[in-house]
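Results of the structural survey
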Amino acid sequence: MSESLTMPKLPTWHPGETAIQEKVGVADKMEQLGRRVVRDFMPDQHRAFYAQIPFVVLGSVDHRGDAWATLLAGGAGFIASPSDRLLDIAARPDPGDPAREGTRAGDAVGLLGIELHTRRRNRVNGILRASAGEGMRVEVDQSFGNCPQYIQLRDATMVRDPRAPSGGAVEEGAGLDAEARRMIAAADTFFVASYAERGDRRQVDVSHRGGRAGFVRVDADGTLTIPDFAGNLFFATLGNILLNGRAGLVFADFATGDLLQMTGEAALVLDSPEIAAFAGAERLWTFRPRRVVHRRGALPLRWAFRAEGWAPTTLMTGDWREAADRIRAAGLAAGWRPFRVTRTVEESRAVRSFHLAPDDGAGIVPHRAGQYLPIRVTLPDGTAHLRTYTLSVAPSDAGYRISVKRDGAVSRHLHDAVRAGDVIEARAPAGTFTIDAQAPRPALMLAAGIGITPLLAMLRHVVAEGLRTGRFRPTTLVYAARTKADRPFDRELAALAEAANGAVRILRVLGDDAGAQAGRDYEARGRIDTALLGRFLALADQDVYLCGPPAFTQALYDGLRGAGIADARIHAEAFGPASLARTGQTTAALPLGPPSDGPVPVAFVTTGKEARWVPDSGSLLDLAEARGLSPAFSCREGRCGTCRTRLLRGAVTYPEPPAATVAENEVLICTARPAQGTEALQLAL
């Protein structure tokens, strides 16, 4: 039984937490979840956990309102729980610890119990009901478990009596010296204390942050910038920062027992190009230290990093060097860049993958799963050809990978002549055939032949995001190939399904089962249509992603529409000479209709050339080529978007609606013509 409450129960979340939950669209979900998992008492398993840990992280607030975080050690059993509302801790911060000031009877504190060797952790915030000598009693206000993400595995050893004073020096300053900067730059773990005023009482939180070594950036002025990775969506720390902008950080040197503690001002960063550039970051926050305390040898514990110590979620995140490279690469996105082929892989008898890394010292431009990479290849006869090949990797994968079917002069050249170490040119990824890996509705992916490549990238993204966030989008992939020998990526797809813990299902369809065994090599024979799909799943509440030859894509689209699937829920990309003919689609207004019936002067501003378009000149791409220019293009049909060019003056029209998206100030020169009434055109070409 719980003791009688001395504190009235407050709503689970305070306004700072709910504001961020609302921004990311999880407020309703977290309102329900919070009532189940955030308690005003400790379950028995939490009470037993605190009794076995040799140290605890504590957050407190001093009389100035400054937050501090510290580590208290006492050996196993120094924490006891006489009831489900109380924790007794046989330790207090040392006199030289700045967190001690906030540990008087009546003060609010936050506690984090954490085992670095098991990745278990539990949090408590509460009020000190007694604080005498070297002991503290905490009455629980809120208690909840925490996810094990981003915790590096370490084994602890007690090197001295935890009750004995450390005897180490205590150094205080207003900023970060060179030694402190080095300590932060090497850290893969720190702890942060923050707090919120909730009516007549204060709630203090202390939590763990982890990442690759150096995930905390120290700027020249001493400001720390920290990526915020996917977590449990509580947003306790960030919600507190949003309300009062104060925080306290502690970095531990696990080899020496040193503690680097600091208090200062924190702020959220919700909109910055650095967020997209830093792999795994959902947002950023900054911290400007105002007081810094370095306590040498403060801890009686030492930790050894395990050989397998990196958390899988940590390895899925980036670092600041990589982020800087990506930002630099974004500045080069409009032009052609050299990429070196790092390796090639035979995926099937007709498909080969090419792994690419930038060869100009800059990073890669982040892509979205399903996008394509425009490349420029010079054939042996000296002619340069542009092609677009889908990236068959997820945004979280290192580098680019294109998987090319041997079909056509350029693809034959790639297969026959391009080897590891060779250089090809590429521009930034593009395309709108992409997926939201965290959308709530299940995904159904339908692929035929080499149409598997964008869907493979999407599936890799769904699995990677599921592993990173713990929330998998349920996905079914149905993949058709003519024969087993023609089907690439078998082992890769099987590994993805296994990693997804049942959230991903793969159905393989063969047109010819010669040499293949049902159940082992395929689940169905024939071709993908609604009748086949109906044998395996209900065509109801899915978003559909389909890619393959035009006839395959169109037939499936028509069948899905006939089965009652809304047009808006069918996402398709066709390769070949035809685009998908949709029904019931609302398209954005585009300038369609006949072009000018008279001559129009056209200025190519970037190259300083001029031309005169007349009705028999064809497209603006045709005109540019006739003038000796070599604009980027691929499909010449308004599908791929490679030829997007900024429109500086005038208006254009299109004979048919282009499939690629076009911004208000852009033009797809491969199909565009000067519009009626246009006196002159200027293009950034």
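This section reports on the structure supplied with the text.

What counts and what doesn't
- Residues numbered from 1 in each chain as written.
- Predicted model: local features only at pLDDT ≥ 70, side-chain atom pairs only at ≥ 80, totals over all residues.
- Heavy atoms only, no water.
- Helix = DSSP H or I, 4+ residues; strand = E, 2+ residues; numbered from the N terminus.
- Contact = heavy atoms within 4.5 Å.
- Areas by Shrake-Rupley, 256 points an atom, 1.4 Å probe, with all protein chains shown as cover.
- Lys, Arg positive; Asp, Glu negative; His and termini not counted.
- Charge placed at Lys NZ, Arg CZ, Asp CG, Glu CD.
- Pairing = 2+ DSSP bridges.
- Buried < 20%, exposed > 50% of the residue type's maximum accessible area, 1.4 Å probe, protein only.
- Arc of directions from axis to C-beta.
- Expected span 1.5 Å × (residues − 1).
- Salt bridge = Lys/Arg side-chain N within 4 Å of Asp/Glu carboxyl O.
- Axes fitted to C-alpha atoms, helices over the stretch in contact; angles between N-to-C directions.
- Phe/Tyr/Trp six-rings, centres within 6.5 Å; stacked < 30°, edge-to-face > 60°.
- Lys NZ or Arg CZ within 6 Å of the ring centre and 35° of its normal.
- Parallel < 35°, antiparallel > 145°, perpendicular 65-115°, else oblique.
- Left-handed = near helix turned anticlockwise from the far one by under 90°.
- Nonpolar A, V, L, I, M, F, W, Y, C, P; charged D, E, K, R; others polar.
- Patch = residues over 30% accessible without salt bridge, like charges linked within 9 Å, V, L, I, M, F, W, Y side chains within 5 Å.

**With respect to the overall build of the protein**
Looking only at helices and strands, the protein has 14 helices and 36 strands in total. With the C-alpha coordinates aligned to their principal axes, the bounding extent of the protein is approximately 95 × 60 × 50 Å. Taking all contacts inside the protein whose residues are at least 6 apart in sequence as the whole, residues at least 24 apart take part in 70%. Carbon and sulfur atoms provide 51% of the accessible area of the protein, an area that totals close to 28300 Å². Here the protein contributes 82 positive and 78 negative side-chain charges, whose respective centroids are spaced 2 Å apart.

**What to know about the pairing of strand β15 (residues 259-269)**
Working note: regular strand, side chains alternate between the two faces of the sheet. Where strand β14 (residues 246-252) meets β15, seven bridges bridge the pair, whose relative direction is antiparallel. Within β15, the position partnered with Gly248 by the bridge is Thr263. Counting the residues in the hairpin turn of β14 and β15 gives six residues, including Gly257, whose phi is positive at 85 degrees. Bridge count for β15 against strand β16 (residues 281-295) is eleven bridges, and the pairing is antiparallel. Residue pairing across strands places Leu259 opposite Arg295, the latter belonging to β16.

**A closer look at helix α1 (residues 15-23)**
Buried within α1 we find Gly16, Glu17, Ile20 and Gln21. Here the buried residues of α1 occupy an arc of 135 degrees about the axis, which is enough to place them on one side. When the buried face of α1 is taken as reference, the exposed residues oriented beyond 90 degrees from it are Pro15, Glu22 and Lys23. The elements touched by buried residues of α1 are α2 (27-37), α5 (236-244) and β15.

**Focus on the environment of Asp40**
If you trace the backbone, Asp40 turns up in the loop between α2 and α3 (44-52). C-alpha separation for the pair Asp40 and Trp320, spaced 280 residues apart in sequence, amounts to 39 Å.

**Digging into helix α13 (residues 550-562)**
Compared with the 18 Å implied by 1.5 Å per residue over 13 residues, the 18 Å span of α13 between its first and last C-alpha is a close match. Buried residues of α13: Phe552, Thr553, Gln554, Leu556, Tyr557 and Leu560, and no others. At the C-terminal side of α13, Gly564 shows a positive phi close to 95 degrees.

**Digging into the pattern of salt bridges**
It is possible for side chains of opposite charge to pair when their charged atoms get near one another. Inspection of every chain in the model, using the stated rule, returns 52 salt bridges. Between Asp141 and Arg201 there is a salt bridge, with its nearest N and O atoms 3.1 Å apart. Residue Asp141 is located in strand β7 (residues 135-145), and its partner Arg201 is located in strand β11 (residues 201-210); the two are separated by 60 residues in the primary sequence. Each of the two residues, Asp141 as well as Arg201, counts as buried.

**Notes on the sheet that holds strand β19 (residues 351-358)**
Pairing is antiparallel across the open sheet formed by six strands, whose spatial order is β21-β20-β23-β18-β19-β22. Strand pairing shows two members of the sheet lacking a second neighbour, β21 (384-390) and β22 (400-405), which therefore form its edges. Across the sheet, the mean angle separating the axes of adjacent strands is 40 degrees when strand polarity is ignored. Inspection of the sheet shows strand β20 (residues 372-378) paired to β21 by seven bridges, in the antiparallel sense. Looking at the pairing, Ile375 lines up with Arg387 of β21.

**Concerning the sheet that holds strand β32 (residues 644-649)**
One open sheet accounts for five strands, arranged β31-β30-β36-β32-β34; its pairing is mixed. Strands with a single pairing partner mark the edges of an open sheet, and in this sheet they are β31 (609-613) and β34 (666-668). On average, each strand axis in the sheet is tilted by 35 degrees relative to the strand beside it, whichever way the strands run. Two strands pair when backbone bridges link them, and strand β30 (residues 600-604) and β31 are joined in this way by five bridges, in the antiparallel orientation. Its bridge partner lying in β31, Pro601 is registered against Arg612.

**Looking at the packing of aromatic side chains**
Tallied over the full model, the rule gives 13 aromatic pairs. The interplanar angle of 80 degrees and the centroid separation of 5.2 Å between the aromatic rings of Phe55 and Trp303 together place this pair among those described as edge-to-face. Taken together, the residues Phe55 in strand β1 (residues 55-61) and Trp303 in strand β17 (residues 301-305) connect sequence positions 248 residues apart. Both residues of the pair, Phe55 and Trp303, count as buried. A centroid spacing of 5.3 Å and a plane angle of 65 degrees characterise the contact between Phe144 and Phe234, whose relative ring orientation is edge-to-face. One end of the pair, Phe144, is in strand β7; the other, Phe234, is in the loop between β13 (224-229) and α5, with 90 residues separating them in the sequence. In terms of burial, Phe144 and Phe234 fall into one category: buried. Among the aromatic side chains, those forming a connected cluster through ring pairs are Tyr150, Phe229, Phe278 and Trp320. Over the ring of Trp320 we find Arg217, and its NZ or CZ is 4.3 Å from the ring centre. Over the face of the ring belonging to Trp336 we find Arg427, whose NZ or CZ atom lies 5.5 Å from the ring centre.

**Considering unusual backbone geometry**
For Leu233, which is not glycine, the phi torsion reads 70 degrees and is therefore positive. The topology assignment puts Leu233 in the loop between β13 and α5. On the accessibility criterion, Leu233 (13% relative accessible area) is buried. Residues other than glycine seldom take positive phi values, yet Phe489 does so here, at roughly 70 degrees. Secondary-structure assignment places Phe489 in the loop between β25 (475-481) and α11 (490-499).

**Digging into the packing of α1 against α5**
Close contact between α1 and α5 brings their axes to 7 Å; oriented N to C, the two are set at 110 degrees. With respect to their mutual orientation, α1 and α5 come out roughly perpendicular. Handedness of the crossing formed by α1 with α5: right-handed. In contact with Gly16, Glu17, Ala19 and Ile20 of α1, α5 contributes Ala236, Leu238, Gly239, Leu242 and Leu243. In terms of residue class, the contact of α1 with α5 is built from six nonpolar, two polar and one charged.

**Overview of the side chain of Asn125**
With respect to the helices and strands, Asn125 occurs in strand β6 (residues 120-132). Residues within four places of Asn125 in sequence aside, it is in contact with Val109, Gly110, Glu139, Val140, Asp141, Gln142, Phe144, Gln203 and Val204.

**Concerning the packing of helix α10 (residues 452-469) against α11**
At their nearest, the axes of α10 and α11 sit 10 Å apart, and the two run at 25 degrees to each other. Between α10 and α11, the angle falls in the class roughly parallel. Taken as a pair, α10 and α11 cross one another with a handedness that is left-handed. Where α10 abuts α11, its residues Leu456, Leu459, Arg460, Val463 and Leu467 lie against Glu492, Leu493, Leu496 and Ala499. Residues of the contact of α10 with α11, tallied by class, amount to seven nonpolar, no polar and two charged.

**Describing a nonpolar patch on the surface**
A contiguous nonpolar surface patch, about 260 Å² in accessible area, is contributed by Phe305, Trp310 and Leu315. With respect to the helices and strands, Leu315 occurs in helix α7 (residues 312-315).

**Comments concerning the pairing of β22**
Within β22, five of the six residues are buried, leaving the element largely enclosed by the surrounding structure. Across six bridges, the pairing between β19 and β22 is antiparallel. By the bridge assignment, Leu356 is partnered in β22 with Tyr400.

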